[in-house]
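Listed below, chain by chain, are the residues.
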Amino acid sequence: MRPLLSLAVALLVAATSVADEPKLKALLVDGQNNHNWKATTPLLKKCLEDCGRFTVEVATSPEKGTAGFRPKFADFGVVVLNYNGEEWPAETKADFLAFVRGGGGVVVVHAADNAFAKWPEYNELIGVGGWGGRTEKDGPYLRQRDGKVFRDESAGRGGSHGKQHEFVLEHTDPEHPITKGLPASWKHTQDELYDRLRGPAKNLTVLAFAQSDKATGGSGEKEPMLMVIDYGKGRVFHTTLGHDVKSIACVGFQTTLQRGSEWAATGKVTLPVPKAFPTADKSLAAE
Ligand code: ZN
């Protein structure tokens, strides 16, 4: 083959292999949240779009009530929840569960684990959650003690956090597709460190813990920060991080959101590990 022609063929092959990777369809759900979802949704959307792996649509519920709110979950590979509000109509809840049980992916972001405290299937799907009257009746606290996951059955409220601060995430599984190749510990930008989350915690793996210090108003325990849950044929990635714009700017948050969303949608991660990443000593915000 003549050199120019072979170059043209090589370029065509390279272009084809990128184009052949179909984008995953993500649906971001918001509209009611005790957090500033109007500021955070565009950032979550941009984060997913910027990695080149997703197209993102947003489904916004009414600000009051949820009558008529029925996104077509089945049209998407992954549903990203930035929602903490009133219960959805029965048919919407049924659609959502059918989507996940049938193999759909779900990503639970921060206060989305405060939602739907009285919906048992949702509590199972998120693994653990906080507030909304959650107590020991809903399941144990999940802690790490002596390097092992400890299911703490003691009585008490579910959900709390101390003063916002930077804190270090410690990965538990270097081989999981979401965390593979990332530093084993890294400092997150200023955020709420959720503690005392509790729930059924079935089919759940904690991918990262963080020490919740009493000095900052925390529990004094290592608390779960990143989790994956199997629910039916579906996969759930649960990040407790992402309170506000500052927390979402963290390269560690963004990377795990992108990789967690890809994993939830497909069971695999093809996204590369970014060159710049926070270290155990230094947080890193995206430009
Ligand atoms: Zn928050």
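You'll find the structure just up there.
What counts and how
- Residues numbered from 1 in each chain as written.
- Predicted model: local features only at pLDDT ≥ 70, side-chain atom pairs only at ≥ 80, totals over all residues.
- Heavy atoms only, no water.
- Axes fitted to C-alpha atoms, helices over the stretch in contact; angles between N-to-C directions.
- Helix = DSSP H or I, 4+ residues; strand = E, 2+ residues; numbered from the N terminus.
- Parallel < 35°, antiparallel > 145°, perpendicular 65-115°, else oblique.
- Left-handed = near helix turned anticlockwise from the far one by under 90°.
- Contact = heavy atoms within 4.5 Å.
- Nonpolar A, V, L, I, M, F, W, Y, C, P; charged D, E, K, R; others polar.
- Buried < 20%, exposed > 50% of the residue type's maximum accessible area, 1.4 Å probe, protein only.
- Pairing = 2+ DSSP bridges.
- Right-handed = clockwise from strand over helix to strand, strands pointing away.
- Salt bridge = Lys/Arg side-chain N within 4 Å of Asp/Glu carboxyl O.

Orientation of helix α2 (residues 37-50) relative to helix α6 (residues 251-266), taken along the N-to-C sense of each, is 65 degrees, at an axis distance of 10 Å. It follows from the interaxial angle that α2 and α6 lie roughly perpendicular. Between α2 and α6 lies a crossing whose hand is right-handed. Listed contacts from α6 to Leu44, Cys47 and Leu48 of α2 are Phe253, Gln254, Leu257, Gln258 and Ser261. Here the residues of the contact of α2 with α6 sort into five nonpolar, three polar and no charged.

Right, let's get into the pairing of strand β3 (residues 78-81). By the alternation rule, side chains of β3 split into Val78 and Val80 and Val79 and Leu81, which are all buried. Examined bridge by bridge, strand β1 (residues 24-30) and β3 share four bridges and lie parallel to one another. By the bridge assignment, Ala26 is partnered in β3 with Val78. Strand direction decides the pairing type here: β3 and strand β4 (residues 105-109), joined by four bridges, are parallel. Following the sheet pairing, Val78 is matched in β4 by Gly105. This β-α-β element, β3 to helix α3 (residues 90-101) to β4, shows right-handed connectivity.

Tallied over the full model, the rule gives 16 salt bridges. Arg145 is the partner of Asp152 in a salt bridge, and the nearest nitrogen-oxygen pair spans 3.3 Å. The class for Arg145 is partly exposed, based on a relative accessible area of 33%. Bridged by salt links that share partners, the residues Arg143, Arg145, Asp152, Glu221 and Glu223 form one connected network.

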